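Okay, here's what each chain looks like letter by letter:
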Amino acid sequence: MTAITPRIRRPDPLKTWRLASFGVAWLALAWAALDIRMMLVRNVPIASDTKCYWMEWHGPLYDADVSLWYGHFNYSPVAALAFWPLAQLPLIAFTVVWTAIGAAAYVWLLAPLPLPARLPAMAAGFLFCLNGNMEWLLALVAIFGLRWPALWLVALFTKVTPFVGFGWFVIRGEWRSVMWTAGLAVALTATSAVLLPGAWVTWFGMLGMLGSEAQATTTYNSLMPPIPLVARGLAAVVLVWWGARNNRPVVLPLVLALSQPDWQPWAFGILAAVPRLLRLPEQSSEEAVTPTLVRAS
């Protein structure tokens, strides 16, 4: 008699991807809905961060005595100048435009997902947009920053600490990208110092409070584990080192999320970049890496 070896069925990668994306998408939607509910219970206004971006040109730009976590503009003078054109709109128009751009970004970011996962994921993205923060913009940086490394300055001149993700280019020895980005950072800083005299001194004074306030429980939400910024930053450094050494750009959204100074539930909106990054060609930025525009399956 000849023994018959049972055929081992290997998992179908496509089915596994669809099932995993479906589960994660619905988890993200539940997470976002719960966060919005908690905001309403705590009387936190919808689009509160959007108002902070608008307020910069409708009152004092900075106040050294105002907490970083208070409803106030706290990004760098370079970011203040970038927001200036849109801030000339009335607050309602500014909110509508900013939210619409964010929603459109999530539609593009999540388009590679299968339809059953794409719909709840996009709904979650829209709920994250209601907060008014810029997670969708950082998600775009994680993707297009591989082709144009200078886009990582968006992280440096806004949230500051997520710029740790730029270590990708240092670890990979892409020195041309590093030098061009450094040069542009100096030029933008010098230009903003001329246009907004004294703003940098005041802003650095505000950042001086970050060391103590970033460790306080007020920077957390009850949905988030109270992990200090130092611990999250170290984890982000390890991740970006591993990703750069192994050519895994898919870690960059998690690096950005972990290194956020404001450790809040909507930080995970940055992970919307993952579907696009999973389809990037494996090249370095200096070999002209470009995001692959794929048709949604």
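Residues numbered from 1 in each chain as written. Predicted model: local features only at pLDDT ≥ 70, side-chain atom pairs only at ≥ 80, totals over all residues. Heavy atoms only, no water.

How should the packing of helix 3 (residues 77-87) against helix 9 (residues 175-195) be read in this particular structure?
Remark: helix 3 packs on helix 9, axes separated minimally by 9 Å, with the N-to-C direction vectors making an angle of 75°. Between helix 3 and helix 9, the crossing angle belongs to the class labelled roughly perpendicular. Contacts from Pro77, Val78 and Leu81 in helix 3 reach Leu188, Thr189, Ser192 and Leu195 in helix 9. The class makeup of the residues in the contact of helix 3 with helix 9 is five nonpolar, two polar and no charged. (Axes fitted to C-alpha atoms, helices over the stretch in contact; angles between N-to-C directions. Helix = DSSP H or I, 4+ residues; strand = E, 2+ residues; numbered from the N terminus. Parallel < 35°, antiparallel > 145°, perpendicular 65-115°, else oblique. Contact = heavy atoms within 4.5 Å. Nonpolar A, V, L, I, M, F, W, Y, C, P; charged D, E, K, R; others polar.)

Help me understand the environment of phenylalanine 163 in this model?
Inspection of the secondary structure puts phenylalanine 163 in the loop between helix 7 (153-156) and helix 8 (167-171). Spatially, the C-alpha atom of phenylalanine 163 lies 6.5 Å from that of tryptophan 152, the residues being eleven residues apart in sequence.

I tried to follow unusual backbone geometry on my own but got confused; where do I start?
Working note: non-glycine residues mostly have negative phi, and peptide bonds are mostly trans. Phi is positive for valine 160, which is not a glycine, with a value near 70°. Relative to the assigned elements, valine 160 resides in the loop between helix 7 and helix 8. The class of valine 160 is partly exposed, set by a relative accessible area of 25%. In this structure, asparagine 247 is a non-glycine residue whose phi angle is positive, near 55°. Its relative accessible area of 17% is what places asparagine 247 among the buried residues. (Buried < 20%, exposed > 50% of the residue type's maximum accessible area, 1.4 Å probe, protein only.)

Any chance you could explain helix 9 here in plain terms?
The periodicity of an α-helix, 3.6 residues per turn, causes residues three or four positions apart to be oriented the same way. A rise of 1.5 Å per residue sets the reference length of helix 9, with its 21 residues, at 30 Å; its end C-alpha atoms lie 30 Å apart and thus fit the reference within 8%. Where helix 9 is concerned, the buried positions are Ser177, Val178, Thr181, Ala185 and Ser192. In an axial view of helix 9, the angular spread of the buried residues amounts to 95°, which keeps them on one side of the axis. Facing away from the buried side of helix 9 by over 90 degrees, the exposed positions are Arg176, Met179, Trp180, Val186 and Val194. Where helix 9 is buried, its residues meet helix 3, helix 7, helix 8 and helix 10 (199-207). (Expected span 1.5 Å × (residues − 1). Arc of directions from axis to C-beta.)

For this particular structure, what's the right way to read the nonpolar core?
As a rule of thumb, nonpolar side chains are buried together in soluble globular proteins. Tyr53, Tyr62, Phe73 and Tyr106 are the most contacted members of the largest nonpolar core, which has 68 residues in total. The greatest single-element share of this core, amounting to seven residues, is contributed by helix 6 (residues 135-144). Non-local contacts of tyrosine 62, meaning those with residues more than four positions away in its chain, are made with His72, Phe73, Tyr75, Ser76, Pro77, Ala80, Ala199, Thr202, Trp203 and Met206. (Core = buried A, V, L, I, M, F, W, Y, C linked by side-chain atoms within 4.5 Å.)

Would you mind showing me how to read the packing of aromatic side chains here?
Any pair of aromatic rings gets described here by the distance separating the centres and the angle formed by the planes. Enumeration according to the criterion identifies 17 aromatic pairs in this entry. Measuring from ring centre to ring centre gives 5.4 Å for tryptophan 108 and phenylalanine 144, while their planes differ by 25°; the resulting arrangement is stacked. Of this pair, tryptophan 108 sits in helix 4 (residues 91-110) while phenylalanine 144 sits in helix 6; the two residues are 36 residues apart in sequence, bridging distant segments of the chain. Taking 5.7 Å as the distance between ring centres and 35° as the angle between the ring planes, the aromatic pair formed by tryptophan 200 and phenylalanine 204 counts as tilted. With tryptophan 200 and phenylalanine 204 both in helix 10 and four residues apart, this pair spans about one turn of that helix. Members of the aromatic cluster, connected to one another through ring pairs, are Tyr53, Phe73, Tyr75, Phe83, Phe94, Trp98 and Trp136. Across the ring face of tryptophan 108, the terminal group of arginine 276 is positioned such that the distance to the ring centre comes to 4.0 Å. (Phe/Tyr/Trp six-rings, centres within 6.5 Å; stacked < 30°, edge-to-face > 60°. Lys NZ or Arg CZ within 6 Å of the ring centre and 35° of its normal.)

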